[in-house]
Amino acid sequence: MAMKGMAIAMAMMAGADAFLSPSHTLSSPSALLLPSPCRRNLVCNHPCQSWHASTERSGVSGLRSLERNKNQEVVPQAVKNPKERFVALTRELGKNSKLEKVLSEKGIRTVELPCIAFEAGTDAETLPKALQEEWEYVVVTSPEAASVFLDAWREAGEPSLPVACVGAGTKQALQEGGIEPVFMPSKATGKTLADELPGPRRSGRVLYPASAKARTEVQGGLTARGFSVTRLNTYDTVSATWSDKELQMGASAAVIALASPSAVKTWAERLGTKQYAACIGETSAAACKELGFEHVFWPESPGILGWAQAVHDALDDIERAEIRRRK
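Residues numbered from 1 in each chain as written. Predicted model: local features only at pLDDT ≥ 70, side-chain atom pairs only at ≥ 80, totals over all residues. Heavy atoms only, no water.

**Concerning the nonpolar core**
Ranked by size, the top nonpolar core spans 26 residues in total, and within it Trp-242, Leu-258, Trp-267, Cys-279, Cys-288, Phe-293 and Val-296 carry the most contacts. Sorting the residues of this core by element identifies helix 8 (244–252), strand 10 (255–258), helix 9 (261–271), strand 11 (276–279), helix 10 (282–291) and strand 12 (295–298) as the ones contributing at least two each. For this core, the leading source of residues is helix 9, giving five residues. Core analysis: the second largest hydrophobic core is formed by 22 residues, Ala-130, Leu-131, Val-138 and Leu-150 among them. (Core = buried A, V, L, I, M, F, W, Y, C linked by side-chain atoms within 4.5 Å. Buried < 20%, exposed > 50% of the residue type's maximum accessible area, 1.4 Å probe, protein only. Helix = DSSP H or I, 4+ residues; strand = E, 2+ residues; numbered from the N terminus.)

This is the structure:
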């Protein structure tokens, strides 16, 4: 804890520019992703001790914001200067380019600071053989699960399989690998897939290759509907290693872009929960709330554009908080 405190203090004194090469600068919160009417009243400004969530659904993202005790919010010193603000991108190394591109086009500075990495799961070696069996569905719920599945599918001889997936990113990964999904739910969550997946019609057998840390919503929901689910933990999500310099960099970030509960947990353990969090969807947002983050933004429907809008609105809220303090 002492070392963490020292690192954070050093970061606050040094400022973000000590760790960033020259890039795009957010000179003001007016680097819009949506017209201003779409952003009104997205943040609850009523000072109180309980959690609030706005219910506005305007614009493409329908952002919600959780806020607590707005009059006493704490913003790290290093993010008070708009020209020094930057966003930490926390997906695994090399997987942050899509969000970085959208944000950089709007003049928002970013730095890649992965919170997670992947390694083989305990059931990885059994997946190719399992794919040679008959299944009513194979359920794939993330781009990483798609990558692991595709490797095993090729090893199994590319059998014909009905694949259901969650989210546009997962669908794209499967299509690029040669699989056309037969089903995608109306909302990119495992719970929605479990609620909406057609059937069971024949055997009801579902193969669910997943992360060892994935929650039980998919198999629980499908089992309750009469499916017979076989879950294989084909990969595991682990915390990425940070250097002291990266720890200091993280302490200086104005906003953290988070895409999984594992990333949320890693960040909270290392740097606490005072910074603003922009989440890809409600699952990561719920994890932020559970761990005590006070400023959480997320789109109604997961996706890169909605996620980028959540980042923008978090930065915009920081700016509004600074204006209130100066009055």
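**Concerning the state of the cysteines**
The term disulfide refers to a covalent linkage connecting the sulfur atoms of a pair of cysteines. Following the criterion strictly, the structure yields zero disulfides and no others. With no disulfide partner, Cys-279 has as its closest neighbouring cysteine sulfur the one in Cys-288, 3.6 Å distant. Its relative accessible area of 0% is what places Cys-279 among the buried residues. (Disulfide = S-S within 2.5 Å.)

**Details of the packing of helix 8 against helix 9**
For the pair helix 8 and helix 9, the least separation of the axes is 11 Å and the interaxial angle reads 95°. Looking at the two axes, helix 8 sits roughly perpendicular to helix 9. Of helix 9, the residues touching helix 8 (which contributes Leu-247, Gly-250 and Ala-251) are Trp-267, Arg-270 and Leu-271. (Axes fitted to C-alpha atoms, helices over the stretch in contact; angles between N-to-C directions. Parallel < 35°, antiparallel > 145°, perpendicular 65-115°, else oblique. Contact = heavy atoms within 4.5 Å.)

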